[in-house]
Amino acid sequence: MTDPRNNLPTLDALRTMPIAEITTLAAEVLAVLQDDADAALKSAKALKDWLDGAIALKFGERAREARAALGKDTGTVRFSEGSVTVVADLPKKTEWDQAKLAALVETIRASGEDPSQYVEISLSVSERAYGAWPDAIRRNFEPARTLRTGKPAFRLLRD
């Protein structure tokens, strides 16, 4: 199955093609298919956002009322609409002021207490800063550093 406009495989045909066959396609063809897949993904995400917005409008007030009846502002509630059970979740999203937390950690430490009993402490180093450090400093940090790779990504751009 090919696209009659340009004799390229369609995205639907691509789903059933063996990977080995896809790897034989010219880079220009792969670039067109990647663009088509990106456009399809963007379209699908926009459609899902649109649908999710409509669902939120339809059931948002009932979910709020169900939470209020349980005496809570957030969390999961369930209710029925015909033969469908609606599960409405409104998660908490707590944000902490890092500068204020750091000051509180120092206050706890100064009073002789262990701050790790109250807060999770996480240390990190930016790769940009690490790369700019003098070699002597960097060598001290190397035993604490592990470099892992993420998922490879390729963007094929046509001229």
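Residue indices follow the written sequence of each chain, beginning from 1 at its first position. Given that this is a predicted model, residues contribute local features only at a pLDDT of at least 70 and side-chain atom pairs are listed and counted only at 80 or more, while totals for whole chains, interfaces and linings are drawn from all residues. Side-chain metrics rest on all non-hydrogen atoms present in the structure, leaving aside hydrogens and water.

### Notes on the layout of surface pockets
Working step 1: For cavity detection a 1 Å grid was placed over the protein atoms alone, and a set of points counts as a cavity when a 1.4 Å probe fits there but cannot get out; an open set counts as a pocket when protein lies on both sides within 12 Å along at least five of seven lines, with lining residues being those that have an atom within 4 Å of a point. Grid points are joined across faces, edges and corners, and a volume is the space filled by probe spheres set on the points. Looking at the largest pocket, its volume works out to about 230 Å³.
Working step 2: Considering the residues around the largest pocket, the lining is formed by Trp 96, Gln 98, Leu 101, Ala 102, Val 105, Val 119, Glu 120, Ile 121, Ser 122 and Leu 123.
Working step 3: Under the scheme applied, nonpolar residues are Ala, Val, Leu, Ile, Met, Phe, Trp, Tyr, Cys and Pro; charged residues are Asp, Glu, Lys and Arg; polar residues are all the others, including Gly. A breakdown of the residues in the lining of the largest pocket according to their chemical character gives seven nonpolar, two polar and one charged.

### With respect to the pattern of salt bridges
Close approach of charged atoms allows side chains of opposite charge to pair.
Working step 1: Every case where a carboxyl oxygen of Asp or Glu lies within 4 Å of a side-chain nitrogen of Lys or Arg is listed as a salt bridge. Applying the stated rule across the entire model yields seven salt bridges.
Working step 2: Here Asp 12 makes a salt bridge to Arg 15, at a shortest N to O gap of 3.2 Å. Remark: Arg 15 and Asp 12 occur in helix H1 (residues 11-16); sequence separation between them is three residues, near one turn of the helix.
Working step 3: According to the relative accessible area criterion, Asp 12 is partly exposed, its value standing at 48%.
Working step 4: Exposure remark for Arg 15: the relative accessible area of 67% places this residue in the exposed category.
Working step 5: Here Arg 109 and Glu 106 are joined by a salt bridge, their closest N and O atoms 2.9 Å apart. Residue Arg 109 and its partner Glu 106 are located together in helix H4 (residues 98-110), separated by three residues, close to a single helical turn. Helix and strand labels come from DSSP, where a helix needs a run of H or I of at least four residues and a strand needs a run of E of at least two; each type is numbered from the N terminus. Residue burial is assigned from relative accessible area. The probe radius is 1.4 Å, only protein chains are included, and a residue is buried under 20% of its type maximum, exposed over 50%, and partly exposed in between.

### Details of the pairing of strand S4 (residues 84-90)
Working step 1: Strands were regarded as paired on the criterion that DSSP finds at least two bridges between them. Two elements, strand S3 (residues 75-81) and S4, share seven bridges in a ladder whose sense is antiparallel. Bridging across to S4, Thr 76 finds its partner in Asp 89.
Working step 2: Following S3, the chain reverses through two residues before pairing antiparallel with S4; Gly 82 in that reversal takes a positive phi of roughly 65°.

### Some remarks on the environment of Asp 12
Working step 1: Considered as a pair, Asp 12 and Leu 147 are 135 residues apart in the sequence and their alpha carbons are 38 Å apart.
Working step 2: A polar side-chain atom of Asp 12 sits 3.2 Å from a polar atom in the side chain of Arg 15. Polar contact is defined as a pair of N or O atoms within 3.5 Å, subject to the rule that within protein one atom must be able to donate a hydrogen and the other to accept it, and that residues adjacent in sequence are counted only when both atoms are side-chain atoms.

### Points about a nonpolar patch on the surface
Working step 1: Nonpolar side chains collect at one region of the surface, where Val 125, Ile 137 and Phe 141 lie side by side and expose about 230 Å² of accessible area between them.
Working step 2: In this structure, Val 125 sits in the loop between H4 and helix H5 (127-132).
Working step 3: For Val 125, a relative accessible area of 40% translates into the label partly exposed. Patch membership is restricted to residues that have no salt bridge and whose relative accessible area is over 30%. Joining uses 9 Å for like charges and 5 Å for the nonpolar side chains Val, Leu, Ile, Met, Phe, Trp and Tyr. Here the accessible surface of atoms and residues is derived via Shrake-Rupley with a 1.4 Å probe, and residues count as covered only by protein chains that are part of the display.

### Section: the packing of aromatic side chains
Working step 1: Aromatic rings from Phe, Tyr and Trp, taking only the six-membered ring of Trp, are treated as a pair when their centres fall within 6.5 Å; an angle between ring planes under 30 degrees marks them as stacked, one over 60 as edge-to-face, and anything in between as tilted. All chains considered together, the criterion is met by three aromatic pairs.
Working step 2: When the centroid spacing of 6.0 Å and the interplanar angle of 55° are considered together, the rings of Phe 59 and Phe 79 count as tilted. You can see Phe 59 sitting in helix H3 (residues 27-69) and its partner Phe 79 sitting in strand S3, a full 20 residues away along the chain.
Working step 3: Each ring, one from Trp 133 and one from Phe 141, has its centre 4.6 Å from the other, and the planes form 55°; the classification is tilted.
Working step 4: Taking the relative accessible area as the measure of exposure, Trp 133 reaches 22% and is therefore partly exposed.
Working step 5: For a lysine, the NZ atom is tested; for an arginine, the CZ atom; a charge sits over a ring if that atom is within 6 Å of the ring centre and within 35 degrees of the ring normal. For the cation-ring pair, Arg 138 lies above Tyr 130, with the distance from its terminal atom to the ring centre recorded as 5.9 Å.

### Thoughts on the nonpolar core
Working step 1: In this structure, Leu 8, Met 17, Ile 22, Leu 25, Val 29, Val 32 and Leu 33 together form the largest nonpolar core, which totals seven residues.
Working step 2: The dominant element in this core, judged by the number of residues it contributes, is H3, at three residues.
Working step 3: Side-chain atoms within 4.5 Å link the members of a nonpolar core, which is a set of buried Ala, Val, Leu, Ile, Met, Phe, Trp, Tyr and Cys residues. Counting six residues, the second largest nonpolar core, distinct from the first, contains Phe 59, Val 77, Val 86 and Ala 88.

### A look at H3
Working step 1: Here H3 spans 59 Å end to end across 43 residues, near enough to the 63 Å set by a 1.5 Å rise per residue.
Working step 2: Bend angle per residue: angle between axes fitted to the 7 residues ending at that residue and the 7 residues starting there. Along H3, the sharpest change in direction is near 50° and occurs at Phe 59.
Working step 3: Along H3, the residues that are buried comprise Val 29, Ala 31, Val 32, Leu 33, Phe 59, Ala 63 and Arg 67.
Working step 4: Any pair of residues with heavy atoms lying within 4.5 Å of one another is described as a contacting pair. Where the residues of H3 are buried, they touch strand S2 (8-9), H1, S3 and S4.
Working step 5: Immediately beyond the C-terminal end of H3, within one or two residues, lies Gly 71, with a positive phi of roughly 75°. Helix span, expected: 1.5 Å multiplied by one less than the number of residues in the helix.

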